[in-house]
Amino acid sequence: MDLKTIEALAPDQASLGAAAKLTKRSNWPRLEAHEQLPLIWGECQGSGSNPYRVAFDTSDHGYKCTCPSRKFPCKHILALMWIGATAPDSFARVDQTPEWVNDWLGRRRKPGQPPTAAPARAEGKSIEEAARPEQSAPVEDAAAAERREAAQRKRAEDTRTAVSAALDELDQWIADQLRLGLAGFVDASSERCRRIAARLVDLKATALAGRIDELPARLMALRSEERPDAAIRELGKLVLIAKAWRAAPDDAELKRLVSTSETRDQILANPDAIQVESDWEVLGEKIESRRDGLVSHATWLLDLKSPTPRFAVLLDFFPASAGRRSGAFAPGDRFKARLVFYPSRNPLRALVAERLGDAAPGAWPIFAEDATGDPLAAYAAFQDGAPWLSDCPIILPAGAIALDEKDGAWWQPASDPHGIALPVAGSVSQTLLGFDLAATAALWNGARLELLASQSSIGRLDLS
C-alpha cells in the first residue's frame, strides 16, 4: 500500500483533504493490524460520542466503515490507509480480529475470489496537495483581537438575554397549562409542545426545546391513567431547570440542558472533566427517533472495576435521513478505555478518549447492596443531586420478571416477592418470565424500568 493507491481510490480531492485532517493519532482510540493477514482496522472518533469502526484489506482494497457517508471509500477509510502507508508503527500487532471485523470478512469473502487490482486513474486528485498544511492565518493585531473578543462577549450576552426571555415564556406557558387543566394538556400536548418548542428555538434555548418536543411521545408511551402524573412531573422538572439556570447561568450542566453542549475538544481540554480508566461492558443501546429529524443513539456502559455501580453513556445524534447507523459497540462487548465525563452533578455522559484494548469476558462484579434494601436507593440519590434528569441507570438485586393479569411485566426481588415491584416498559420475552436473575441493569425514569442486561445462571442476558 502506498500513497498513490490511496490517491487513486479516493472519490475526489475533497475526500483526500478531509482524510488528511483525520491522520492525527489522537483521532484514533484504536489502531490494530493482523500479524499474518493483510488486514488493518481501527476506531475513528467522529463528531459524536461513538467512534466509527473502520477496516481495510490491504491485499484487495476491500473496506468497511460504519459512518453514514455516501462517498466510497469515505474519509475514514482513506485516513486509515494513509496512516498505514506513512506510520505503520501506529498499529498494534495482534493475532486475532475483533468480532465486527470477522462479521465483515464473513460477508464479503468468497473462496477463490481474485484480488482486486488497484485503480489506475487519479486525475484531478492530489494527495500531495491534500497533505499540504493550510496557510496559517495572518497575525492578528491587538486592536483586531480586542474587537473579536468584544464581539464574542456581546454574542454571549445576547444569548443569555434571549435564553432568559425564553425561560420567562416557558414559565408563562406552564402556568397556562395548569390553568387550563392537565387532562386537556395531555390530549393536546403534541400541538402545544410543538408551539412552545419552536418559540424556545427562536430564543436560543435549543436543548430545552428538544426536551419539550419529545414530551408528547413519552406521555403516549404510558397508560392513559398514568399520563397526568407523568405530565406534572415533567413540567415540575422544567420549572426546576429554569430556576436553576437563573441562579447559575454559567453552570456547564445547566447550559447543556437549556441551550447548547460543549464540543468534544472542549470536553477533552477541560481540566475539571473526570477521567476514568477501567474495563467497561456495553450494557445495551437506546435508539430513539426524534421529532426534529434526528436520531439519538445512547450506548450504556458499566464500569467493571468499580466497587459500587458506576455507569457511563455515550450519546450520539445523527440525521434520520442517514438511515440506520452501526454503532462502534455492540451489547455485551467489553473493552479497556479511558473515558472523559462531561462535568455534571451526576456524571454519566462520557467520551471515549483512548481505547486500550479488549477486556476479558466474565460475570459482573458483586456490588454491595444498599443497607436499606431499597432497589431504587441509587435513583433517590441521583434525584437529590439533579432532580431534572430523566433516566437513571441502576443495578437491581436478585429477582425475577412476572406478568400481571393485564400482561404487564413487573420486576420483583427474590428476597421479598411480596414487597416492592417495579413495572417494566414494553413487552418482555416469554422465555424471561420466572427466570432467576442474579442482577439486572436497567434505566428507571420514575415510572418504568427499561431493561438493559441481566446476569443469570446461564450467563449474560441481553435485554435492550
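Throughout what follows, the structure given in this document is the object of discussion. (Residues numbered from 1 in each chain as written. Predicted model: local features only at pLDDT ≥ 70, side-chain atom pairs only at ≥ 80, totals over all residues. Heavy atoms only, no water.)

**Description of the layout of surface pockets**
Then step 1. Considering only enclosed or pocket space, the second largest pocket measures out at about 1000 Å³ in volume.
Then step 2. Along its surface, the second largest pocket is lined by 42 residues, and Pro 309, Phe 367, Ala 368, Ala 378 and Ile 395 are the ones closest to its centre.
Then step 3. Of all the elements in the fold, those that place two or more residues in the lining of the second largest pocket are helix H14 (377–385), strand S11 (392–396), strand S13 (409–413) and strand S15 (437–444).
Then step 4. The element that contributes the greatest number of residues to the lining of the second largest pocket is S11, accounting for five residues.
Then step 5. Taken together, the residues of the lining of the second largest pocket sort by class into 31 nonpolar, six polar and five charged. (1 Å grid on protein atoms, 1.4 Å probe; cavity = no way out; pocket = protein on both sides within 12 Å on 5 of 7 lines; lining within 4 Å. Points joined across faces, edges and corners; volume = space filled by probe spheres on them. Helix = DSSP H or I, 4+ residues; strand = E, 2+ residues; numbered from the N terminus. Nonpolar A, V, L, I, M, F, W, Y, C, P; charged D, E, K, R; others polar.)

**A few points about the pairing of strand S6 (residues 275–289)**
Then step 1. In this sheet, strand S9 (residues 334–341) lies alongside S6 in antiparallel orientation, the contact comprising seven bridges. When the bridges of S9 are listed, Gln 275 appears paired with Val 340.
Then step 2. In this structure, the hairpin formed by S6 and strand S7 (residues 294–303) is closed by a connection of four residues, where Gly 293 is found at a positive phi of approximately 90°. (Pairing = 2+ DSSP bridges.)

**Considerations on the sheet that holds S9**
Then step 1. Ordered by their spatial adjacency, five strands build an open sheet running S8-S7-S6-S9-S10, and the pairing between neighbours is antiparallel. The sheet is open, and its two borders are formed by strand S8 (311–319) and strand S10 (350–358), each paired with just one other strand. The mean inter-strand angle of the sheet, taken between neighbouring strand axes irrespective of direction, is 40°.
Then step 2. Where S9 lies against S10, seven bridges are found, and the strand directions are antiparallel. In the sheet register, Lys 336 faces S10, and the bridge partner there is Gly 357. (Axes fitted to C-alpha atoms, helices over the stretch in contact; angles between N-to-C directions.)

**Brief notes about the sheet that holds strand S3 (residues 52–57)**
Then step 1. Spatial strand order, S4-S3-S2-S1-S5: five strands in an open sheet with mixed pairing. Edge positions in the sheet fall to strand S4 (63–65) and strand S5 (92–94), since each of these pairs with one other strand and no more. On average, each strand axis in the sheet is inclined to that of its neighbour by 20°, with strand direction left out of account.
Then step 2. Two strands pair when backbone bridges link them, and strand S1 (residues 30–34) and S5 are joined in this way by three bridges, in the parallel orientation. By the bridge assignment, Ala 33 is partnered in S5 with Arg 93.
Then step 3. Where helix H3 (residues 75–86) meets the sheet, it contacts S1, strand S2 (39–44), S3 and S4, and its direction lies at approximately 55° from that of S3. (Contact = heavy atoms within 4.5 Å.)

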